[in-house]
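Geometric and topological summary
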Amino acid sequence: MQAPTTEAVVLPRLLSTYCPSTPTKRIRSEPDITTFMRSLAYDRLMTFILLLNQSALDKPISAITHTSSAVDAILALLDAADELIKNFPPLSNPQRFGNKAFRQWLEKLEENTNDLMCSMLPETLHPALPELNVYWLGSFGNDTRIDYGSGHELSFLAWLAGLAMLGHFVPEDYDAVVLSIFVRYLELVRKLQRTYSLEPAGSHGVWGLDDHQFLPYLWGSAQLANHPRLTPKSITQKDLVDLLAPEYMYFRCIQYIGEVKRGPFHEHSPMLFDISAVISWKKVNSGMTKMYIAEVLKKVPVVQHFPFGFLFPFDNTNAK
């Protein structure tokens, strides 16, 4: 299965049939990717991506003027994770790859996670916390390699999708899931990247889309799909980037790259520069969806770390 069409995508409702499970890694080599592409896990991940893409269509971040208690609970969890950073300042001694204080932060987050989840999430979800927490804790980086990349971003996506399938979110929340929760998550992981000098995980270097993220380009281009004035070329104008970064994820990504990289944009980010020549944001959005499948979901080095369980089964979609 490739990307589901946007017309009839719907997530399954799993709360009434939920069976606790311990997610396990199943992808080890290229043949496993073929199985994954036909799996319920892939179907559910792509369905959620497309639902959120549709929910972000033509909406600036400020379009979210009210959030539900379900969304507020997740924002509070991200705030709690952010608050822990001040307790673990980066170590001052020279370190070659990333700052080891990140391990202390992640260890403390893991220690606090169950209590945080039990206090913030409804009791109906508590039986699923052991499974959900695997995706939550996989969302912020790897404590051994002290790195962060699109696989960790995928884990956060899976956590949100798991919550949605268990009924924590309703479809009316989806625009806030993208434009409030995911935007808040992005700022948290950027803070982690800068505080602890997290290495890019699986980066393609200068020839990759971005050292760390992917989804904000996909959903960010949806935000701009029918904008009457802004074009993909607009990202090459720094004054516009700074003006629009608070409202549009795509522009905030470009702004962040400018904060952490030196030199001309076309030299340190040639792929993004090339994409800026695309004629419309709709074409960018379509291309980003295909690229996400090809460069994230079909790449063994990325999805070999993804665990499969009740929420995301490795079984074939025909088993539905």
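As a starting point, this report considers the structure included with it.

About the cut-offs
Residues numbered from 1 in each chain as written. Predicted model: local features only at pLDDT ≥ 70, side-chain atom pairs only at ≥ 80, totals over all residues. Heavy atoms only, no water. Helix = DSSP H or I, 4+ residues; strand = E, 2+ residues; numbered from the N terminus. Rg over C-alpha atoms; globule rule 2.2 N^0.38 Å. Buried < 20%, exposed > 50% of the residue type's maximum accessible area, 1.4 Å probe, protein only. Contact = heavy atoms within 4.5 Å. Areas by Shrake-Rupley, 256 points an atom, 1.4 Å probe, with all protein chains shown as cover. Lys, Arg positive; Asp, Glu negative; His and termini not counted. Charge placed at Lys NZ, Arg CZ, Asp CG, Glu CD. 1 Å grid on protein atoms, 1.4 Å probe; cavity = no way out; pocket = protein on both sides within 12 Å on 5 of 7 lines; lining within 4 Å. Points joined across faces, edges and corners; volume = space filled by probe spheres on them. Nonpolar A, V, L, I, M, F, W, Y, C, P; charged D, E, K, R; others polar. Expected span 1.5 Å × (residues − 1). Polar contact = N/O pair within 3.5 Å; in protein donor to acceptor, adjacent residues only side chain to side chain.

What follows covers the overall build of the chain. Scanning the chain from terminus to terminus reveals 14 helices and four strands. The C-alpha atoms of the chain give a radius of gyration of 19 Å, which matches the 20 Å a tight globule of 320 residues would have. If you line up the chain on its principal axes, its C-alpha atoms span 55 × 50 × 45 Å. Taken across its 320 residues, the chain has 54% of its residues classed as buried. Within the chain, contacts between residues at least 6 apart in sequence are counted, and of these 80% link residues at least 24 apart. Looking at the chain as shown, the accessible area adds up to about 14,400 Å², and 54% of this sits on carbon and sulfur atoms. Of the charged side chains in the chain, 29 are positive and 33 negative, and the gap between their average positions amounts to 5 Å.

Looking at the largest pocket, its volume works out to about 630 Å³. Gly-138, Asn-142, Arg-145, His-152 and His-305 are, among the 26 residues lining the largest pocket, the residues nearest its centre. Ranked by residues supplied to the lining of the largest pocket, first place goes to helix H6 (residues 150–165) with five residues. For the lining of the largest pocket, the residue count by class is ten nonpolar, ten polar and six charged.

Bringing helix H2 (residues 40–56) into the picture now. If you check H2, its first and last C-alpha atoms are 24 Å apart, about what 17 residues at 1.5 Å a residue would give, namely 24 Å. Buried residues dominate H2, accounting for 16 of its 17 residues. Two to three positions downstream of the cap, the backbone nitrogen of Ala-41 sits 3.4 Å from a side-chain oxygen, assigning the N-cap of H2 to Ser-39. Asp-58 sits one or two residues past H2 and shows a positive phi near 60 degrees.

So, about empty space enclosed by the protein. Under the defined criterion, the tally for this structure stands at one cavity of 30 Å³ or more. In this structure, the largest cavity encloses a volume near 40 Å³. As for the largest cavity, its lining consists of Arg-190, Gln-193, Asp-210, His-212, Gln-213, Tyr-217, Cys-253, Tyr-256 and Ile-257. Going through the elements one at a time, helix H7 (174–196) and helix H10 (249–260) are the ones with two or more residues in the lining of the largest cavity.

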